[in-house]
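# Geometric and topological summary
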Amino acid sequence: MADYNQFKTVLEKHNIYYKQNEPMSNHTSFKIGGCCDVVCYPNTIEKAKIVITKCSEFSFPYFVLGKGSNLLVCDDGFEGVAISSSYLNKIKLISKDEIYCESGVSLGALCNFAFKNSLCGMEFAYGIPGTVGGAVFMNAGAYGGEIKDVILSARHIDSKGNEKRLGFKDLDLSYRHSVYENRDDFIVSANFKLKEDDGAKIKARMDEVLSKRKQKQPLDFPSAGSTFKRPQNGFAAALIEQCGLKGLTVGGARVSEKHSGFIINIGNATCKDVDELIEKVKHIVKDKTGVLLEPEVKRIG
């Protein structure tokens, strides 16, 4: 294990909250994952810069942690630093139809803020259990909408501690992809352009989306949402069901009988269980249909 004494001294000097040897199973919707050496909780963008700069200076590996709703963390944990965005939760109106929010704001909070200000366009995201930062990172979408439909720009801190802004074109948004996908940048905020609409109509659409989620998704079990990306000209869940894989189980991990696009934790599942089940599903679907499924879940460790 690395020596974090100097790093902790810096964190304490700048009043940055942290935890050591923190189980990642406490921070992922899968409820899976070993311990991370240090988890930091900067509550301002300036403090986030300090954390990233010091990680680079001390050569500590790091990753950005939102709500962990799309993460699968190794059973052995992560030897390095997790930088949580959960304290970066400012949100405000920039103009009558533009919202600024920091990356730790939950999508639910953003949807409700938009609704309370009679702004539509975010309803598709209601019920997605992630943060704004994670949603920008993967261009989250559902029920016909995507982040790329509403975002204006995003700001991030690069691995050297520099803060930069990317406009819509520079974000390179496409299906479950952004320019951030293979970078170490920490997305710290985003601006969204919405449209004015009647509050009652917005609320009705939000309720409809949430109702669909409850009806179709296995929300009573820990999971990381949709396990696989949508293949070209098809749907992962349909292919998995076609191959008779509903209920396929490895250890504590199972292909959901309610929605076969989800792998769920039915009790004490390990990362190894999920990894093995993903590989089994991929192999069987490829063998029977010729389609190679690509995991949507981000693997850490």
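Look a little higher up for the structure.
Everything numeric here is computed off the predicted structure, so don't read it as measured data. Residue numbers restart at each chain and count upward from 1, following the sequence in its written direction. Local features in a predicted model are, by the rule used here, given only for residues with pLDDT of at least 70; side-chain atom pairs are given and counted only at 80 or more, and totals for whole chains, interfaces and linings are based on all residues. The basis for every side-chain value is the complete set of non-hydrogen atoms in the structure, without hydrogens or water.

## Focus: helix α1 (residues 5–13)
Buried, partly exposed and exposed residues are distinguished by accessible area as a fraction of the type maximum, computed with a 1.4 Å probe on protein chains only: under 20%, between the cut-offs, and over 50%, respectively. Comment: elements are numbered from the N terminus, with helices defined as DSSP H or I runs of at least four residues and strands as E runs of at least two. Burial in α1 covers these residues: F7, K8, V10 and L11. The buried residues of α1 occupy an angular sector of 155° when projected down its axis, which confines them to one face. Turned more than 90 degrees from where α1 packs its buried face, Q6, T9, E12 and K13 sit exposed. Its buried side turned inward, α1 meets β1 (17–23), β2 (35–41), α2 (45–57) and β5 (78–84). To be clear, the arc concerns the directions from the helix axis to the C-beta atoms. Residues count as neighbours in contact if any of their non-hydrogen atoms are within 4.5 Å of one another.

## A few points about the sheet that holds strand β12 (residues 163–167)
When DSSP finds two or more bridges between a pair of strands, those strands are recorded as paired. Overall, antiparallel pairing links the 5 strands, which are arranged β6-β7-β13-β11-β12 in an open sheet. Strand pairing shows two members of the sheet lacking a second neighbour, β6 (91–95) and β12, which therefore form its edges. Strand after strand, the sheet turns through a mean of 20° between neighbouring axes, direction not considered. Two elements, strand β11 (residues 151–157) and β12, share 5 bridges in a ladder whose sense is antiparallel. Residue pairing for β12: A154 is matched across the bridge by L166. Lying on the sheet, α2 is in contact with β7 (98–102), β11, β12 and β13 (186–193); it crosses β11 at an angle near 45°. All axes here are fitted lines through C-alpha atoms, helices being fitted over the stretch that makes contact, and every angle between N-to-C directions spans 0 to 180 degrees. Across the face of the sheet, helix α3 (residues 107–116) comes into contact with β6, β7 and β13 while running at roughly 45° to β6.

## Focus on the pattern of salt bridges
A carboxyl oxygen of Asp or Glu within 4 Å of a side-chain nitrogen of Lys or Arg is what we treat as a salt bridge. Counted under the stated rule, the structure contains 22 salt bridges. One salt bridge in this structure joins E22 and K19, with 3.9 Å as the shortest N-O distance. On the accessibility criterion, E22 (11% relative accessible area) is buried. For K19, a relative accessible area of 29% puts it in the partly exposed group. E146 is paired through a salt bridge with K148; the nearest N and O atoms lie 3.6 Å apart.

## What about the nonpolar core?
Buried together is how nonpolar side chains tend to be arranged in soluble globular proteins. Counting residues in hydrophobic clusters, the biggest one holds 34 residues, and the most contacted among them are L110, M122, V132, V136, I147, I151 and F192. Those elements that place two or more of their residues in this core are β7, α3, β8 (119–120), α4 (132–138), β11, β13 and α5 (199–216). When residues no more than four places from it in sequence are discounted, the contact partners of V136 are I147, I151, A154, L173, S178, Y180, I187 and A190. We define a nonpolar core as any set of buried Ala, Val, Leu, Ile, Met, Phe, Trp, Tyr and Cys residues linked to one another through side-chain atoms lying within 4.5 Å. Counting 23 residues, the second-largest nonpolar core is a separate cluster that includes C243, I263, C271 and V297.

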